[in-house]
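Coordinate inspection notes
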Amino acid sequence: MTTTGRPARRRSGRTARPDGRAWRFLAPFLLVYVFAMILPILYAVYQSMLTVERSGPTGLGKPSIGFAGLDNYALALDQTAFVESFARVLLFGIVQVPVMLLLALVLALLLDQLPDRWAGLLRSAYFLPYGVPGVIATILWGFLYVPGISPIGEVLGEFGFQPDFLGYDNVLWSIANIVVWEFAGYNMLIIVAQLKSIPQELYEAARIDGAGPWQTALRIKIPLVRPALILTCVFSIIGTMQLFSEPLVLKKIAPAVTQDYTPNLSAYFDAFANANMYLAAAKSVLLAVAAMVLSFGFLSLVNRKQRSER
Amino acid sequence: MNATTAPRTGPAAPAPAASRPASRPAPRRTLRPGRIVLVGVVTLAALYFLLPVYWLVIAATKSNASLYGSFGLWFDAPRLLDNLGRVFSYGGHIYPRWALNSLLYAGVGAVLATLLSAAAGFALAKYRFRGREAVFKFVLAGVLLPSTALALPLYLMFSKIGLTDTYWGVLIPSVVSPFGVYLCRIYAESAVPDTVLEAARVDGAGEERIFFTVVLRLMTPALVTVFLFQFVHIWNNYFLPLVMLSEDDKYPITLGLVTWQQAADRVPELTQYTIGGAFVSVIPLAVAMLVLQRYWRTGLTEGSVKE
């Protein structure tokens, strides 16, 4: 925070010696961080370059583990279904992330117009789904999608609609709905927190200039909550790439969801159903790299645009 | 997280939040038709977010037969306690065990994660040392690392060293929260004055003692945020326990309920137990969120006011 940097800097000027005591506080976190986040990634990179080699003329001899270089990566990228799963989550993200963030933004702006009492109550209602684990949310919506149990299907049926939420063309958007339901309120809260940090004088000035609620929202609030929107967007992109539990749970009731429906599912089934750990490791690494490239790419795109606007 | 992101990114952090209620623009100035649309939209949104939870409450009171045979949005011969009794006793009382496991993973994991993050964030904010920015960047890289893409690599490594299918296999990765470190650093910079630290040092207190007695107290609002988010994160996590655990007595609720749901086509009554189990698991967390949301929101704005 800008306001507090000053005293700290003054202090460091006085005690210029490097402060080794910091490491005692850093060490516990860094230790676990390296052990449970950095090392596994490095180990996965190493594993992704191994393969099971069969000896003997018919390949039936004793298997041994050999170095495969980038073969597993080539193999993964050669699987049409795996590449398609990337395309699927990209399509999913291109539609779902903007819809969810737009909903979050609109709700945050509307709540800002309401008396505090009501705003607080509604905010809690919107935020509630975030406390429901993704798999349980999926089980819930699964029941609301299945014909026979679903009250939605029942009500729509009265009007002659027979929606097939779990059909081949619809299931991706049924999953998108679950994700929107889970995270729209959470993203809304991040935007609300930013809205509250807008100084009141700006509103006063806008009102004196004759701006109505619409203009205030468009000209003042939306530009100023931009940092919150960027943050929520980055988190949503990362979240989309790792889409896993929702399709896995729906798989049972929606035949359209295959083992290669998302990159994460594909890696999971390679590891546990197809017993090909090395290929699964390669897919995990590809997924992590793709998520980081996308979020870094988005951030630098935003930064460049910001610079050119100035 | 939102609390502390807001002050950081906010253009003028000093004192906006405090003056808010008094000078809030009065909503009565809006036009009438606009007002109707406004109320209509926020109500519709509330229905959307609450409908599945409402359905869950209703469904938890039904028998397996009326689950299919009656209208989903209204009661039909409610028998909630009877249902819950069956949920708890099914499979040799496995459900309470899952609930305890979830509580253990999320509770212990979040407390440790909060402590580690607080210490690291405090160190990054309040000490000058060589490599400080490098360490901070190294930690930030972890924020962008997708956590479920990490589950398989973790499994690969933990299976080599025999940590799979143990409580440790789920707990150890759960205590790492790079985002928590980031939040704690930002918060400590503003909420922990150097004068307080120096006064404590003059009084002869050691660094550890200062941290545990003074710093942690000053950082409480940020710590609540970190704890809450980490708790929810661990509680909701599915992929990690799924790959780590094979014995169902170590499962958290999420994993257990999915096994029930997936087995429901062979054992029909499991449909009702899945719903009842989901109902029980949602209630405490929902209450905790509503209570904590209050505390945690006020805590967040406070950080932006402190000079």
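Just so we're clear, the structure is a prediction, and the values are computed from it rather than from any experiment. (Residues numbered from 1 in each chain as written. Chains lettered and ligands numbered in written order. Predicted model: local features only at pLDDT ≥ 70, side-chain atom pairs only at ≥ 80, totals over all residues.)

Things to note about the overall build of chain B
Assigned secondary structure in chain B consists of 15 helices and 0 strands. Counting only residues that meet the buried cut, chain B has 48% of its 307 residues in that class. Of the contacts made within chain B by residues no fewer than 6 positions apart, 76% connect residues no fewer than 24 positions apart. (Helix = DSSP H or I, 4+ residues; strand = E, 2+ residues; numbered from the N terminus. Buried ≥ 20, exposed ≤ 12 C-beta atoms within 10 Å, placed from the backbone. Contact = placed C-beta atoms within 7 Å.)

Some remarks on the overall build of chain A
Helix and strand counts for chain A come out as 14 helices and 2 strands. Taking 2.2 N^0.38 as the reference for a compact globule, 310 residues should give roughly 19 Å; the C-alpha atoms of chain A span a radius of gyration of 25 Å, well beyond that estimate. Projected onto its principal axes, the C-alpha positions of chain A cover 85 × 75 × 35 Å. Out of the 310 residues in chain A, the part that is buried amounts to 43%. Intrachain contacts of chain A at a sequence separation of at least 6 include 69% that bridge at least 24 residues. (Rg over C-alpha atoms; globule rule 2.2 N^0.38 Å.)

Here's the deal with the UniProt feature "transmembrane region" (unreviewed entry) in chain B
As recorded in UniProt, the sites labelled "transmembrane region" (unreviewed entry) are residues 36-57, 103-125, 134-155, 167-188, 209-235 and 273-292 of chain B. Along residues 36-57 of chain B, the helical share is 100% and the strand share 0%, with 30 Å between the first and last C-alpha atoms. (UniProt positions renumbered as here; feature names shortened; annotations may be inferred.)

With respect to the domain arrangement of chain A
Residue and element names in this part refer to chain A. As far as domains go, chain A holds domain 1 (20-69) and domain 2 (80-309). Once you take the C-alpha centre of each, domain 1 and domain 2 turn out to be 33 Å apart. Taken residue by residue, the interface counts 7 residues in domain 1 and 7 residues in domain 2. Contributing elements (two or more residues each) for the side of domain 1 that touches domain 2: helix 2 (22-47) and strand 1 (50-54). Take the side of domain 1 that touches domain 2: its biggest share by element is 4 residues, from helix 2. Here the residues of the side of domain 1 that touches domain 2 are counted per class, giving 4 nonpolar, 3 polar and no charged. (Domains from an automatic or database assignment. Nonpolar A, V, L, I, M, F, W, Y, C, P; charged D, E, K, R; others polar.)

Side note on the interface of chain A and chain B
If you look at the interface, chain A gives 95 residues, while chain B gives 97 residues. With 16 residues, the single largest contributor to the side of chain A that touches chain B is helix 2 of chain A. Among the residues making up the side of chain A that touches chain B, the classes are represented as 65 nonpolar, 21 polar and 9 charged.

Thoughts on the packing of helix 6 (residues 134-145) of chain A against helix 3 (residues 32-60) of chain B
Running from amino to carboxyl end, helix 6 of chain A crosses helix 3 of chain B at an angle of 85 degrees, the nearest separation of the two axes being 10 Å. One finds that helix 6 of chain A runs roughly perpendicular with respect to helix 3 of chain B. On helix 3 of chain B, the residues touching L140, W141 and L144 of chain A of helix 6 of chain A are P52, W55 and L56 of chain B. For the contact of helix 6 of chain A with helix 3 of chain B, a count of residues per class yields 6 nonpolar, no polar and no charged. (Axes fitted to C-alpha atoms, helices over the stretch in contact; angles between N-to-C directions. Parallel < 35°, antiparallel > 145°, perpendicular 65-115°, else oblique.)

A look at the UniProt feature "domain: ABC transmembrane type-1" (unreviewed entry) in chain A
As recorded in UniProt, the sites labelled "domain: ABC transmembrane type-1" (unreviewed entry) are residues 86-298 of chain A. In residues 86-298 of chain A, the share of helix is 75% and the share of strand is 0%. The end C-alpha atoms are 17 Å apart.

Comments concerning the pairing of strand 2 (residues 63-67) of chain A
All names here are of chain A. Counting buried positions along strand 2 gives 0 out of 5 residues, so the element sits mostly on the surface. The sheet contact formed by strand 1 and strand 2 spans 5 bridges and is antiparallel. Considered in strand 2, the bridge of R54 is made with P63. (Pairing = 2+ DSSP bridges.)

A closer look at the confidence of the model for chain B
Residue and element names in this part refer to chain B. Chain-level statistics for chain B give a pLDDT mean of 82 and a share of 84% at 70 or above. The lowest-confidence element of chain B is helix 1 (residues 2-9), averaging 38 in pLDDT; the highest-confidence one is helix 8 (residues 167-174), averaging 96. Across residues 1-24, where pLDDT falls below 50, the model places 69 contacts with residues more than four positions away in sequence or in other chains. Counted against residues more than four places away or in other chains, residues 298-307, with its pLDDT under 50, gives 34 contacts. For this predicted complex, the interface score ipTM comes out at 0.84, alongside a pTM of 0.84. (pLDDT = per-residue confidence, 0-100.)

Observations concerning the UniProt feature "transmembrane region" (unreviewed entry) in chain A
Residues and elements named next belong to chain A. As recorded in UniProt, the feature "transmembrane region" (unreviewed entry) lies at residues 21-46, 89-112, 124-146, 171-193, 224-244 and 278-302. End C-alpha atoms of residues 171-193 are separated by 34 Å, and the span's content is 100% helix alongside 0% strand. Structurally, residues 224-244 comprises 81% helix and 0% strand, and the distance from its first C-alpha atom to its last is 34 Å.

Brief notes about the environment of A217 of chain A
Residues and elements named next belong to chain A. Structurally, A217 is set in helix 10 (residues 213-224). Classification of A217 by C-beta neighbours within 10 Å gives partly exposed; the count is 17. For the pair A217 and Y203, spaced 14 residues apart in sequence, the C-alpha to C-alpha distance is 9.9 Å. Ignoring sequence-local partners within four residues, the contact set of A217 consists of L109 and I222.

Observations concerning unusual backbone geometry
The phi dihedral of A275 of chain A is positive, around 50 degrees, even though this residue is not glycine. Considering the arrangement of structural elements, one finds A275 of chain A in the loop between helix 13 (263-272) and helix 14 (277-309). You can call A275 of chain A exposed: it has 10 C-beta atoms within 10 Å. You will see that H93 of chain B, though not glycine, has its phi angle at about 55 degrees, which is positive. C-beta crowding within 10 Å serves as the criterion here: with 9 such atoms nearby, H93 of chain B is assigned to the exposed category.

Overview of the domain arrangement of chain B
Frequently, the measure chosen for interface size is the accessible area that the parts lose on association. Residue and element names in this part refer to chain B. Partitioning chain B into domains gives domain 1 (2-30 + 93-305) and domain 2 (31-73). Tallying the contact residues gives 10 residues for domain 1 and 10 residues for domain 2. Among the residues making up the side of domain 1 that touches domain 2, the classes are represented as 5 nonpolar, 4 polar and 1 charged.

Re the packing of helix 4 (residues 80-111) of chain A against helix 3 of chain B
Geometrically, a packed helix pair is captured by the angle between its two axes and the distance between the axes. Between helix 4 of chain A and helix 3 of chain B, the shortest axis-to-axis distance is 10 Å and the interhelical angle comes to 125 degrees. On the basis of their axis angle, the class for helix 4 of chain A and helix 3 of chain B is oblique. Crossing of helix 4 of chain A against helix 3 of chain B: the hand is left-handed. Two secondary-structure elements touch here, helix 4 of chain A through L107, L110 and L111 of chain A and helix 3 of chain B through L38, V41, V42 and A45 of chain B. (Left-handed = near helix turned anticlockwise from the far one by under 90°.)

What to know about the environment of Q306 of chain A
Here Q306 of chain A is to be found in helix 14. Given 11 C-beta atoms within a 10 Å radius, Q306 of chain A is considered exposed.

Details of helix 11 (residues 207-218) of chain B
Every buried residue of helix 11 of chain B is accounted for by I210, F211 and V215 of chain B. In a view along the axis of helix 11 of chain B, the buried residues occupy a sector of 100 degrees, so they form one face of it. Projecting away from the buried face of helix 11 of chain B at angles above 90 degrees are the exposed residues T213 and R217 of chain B. Looking at the packing, one finds that the buried side of helix 11 of chain B touches helix 2 of chain A together with helix 5 (80-126) and helix 10 (194-202) of chain B. (Arc of directions from axis to C-beta.)

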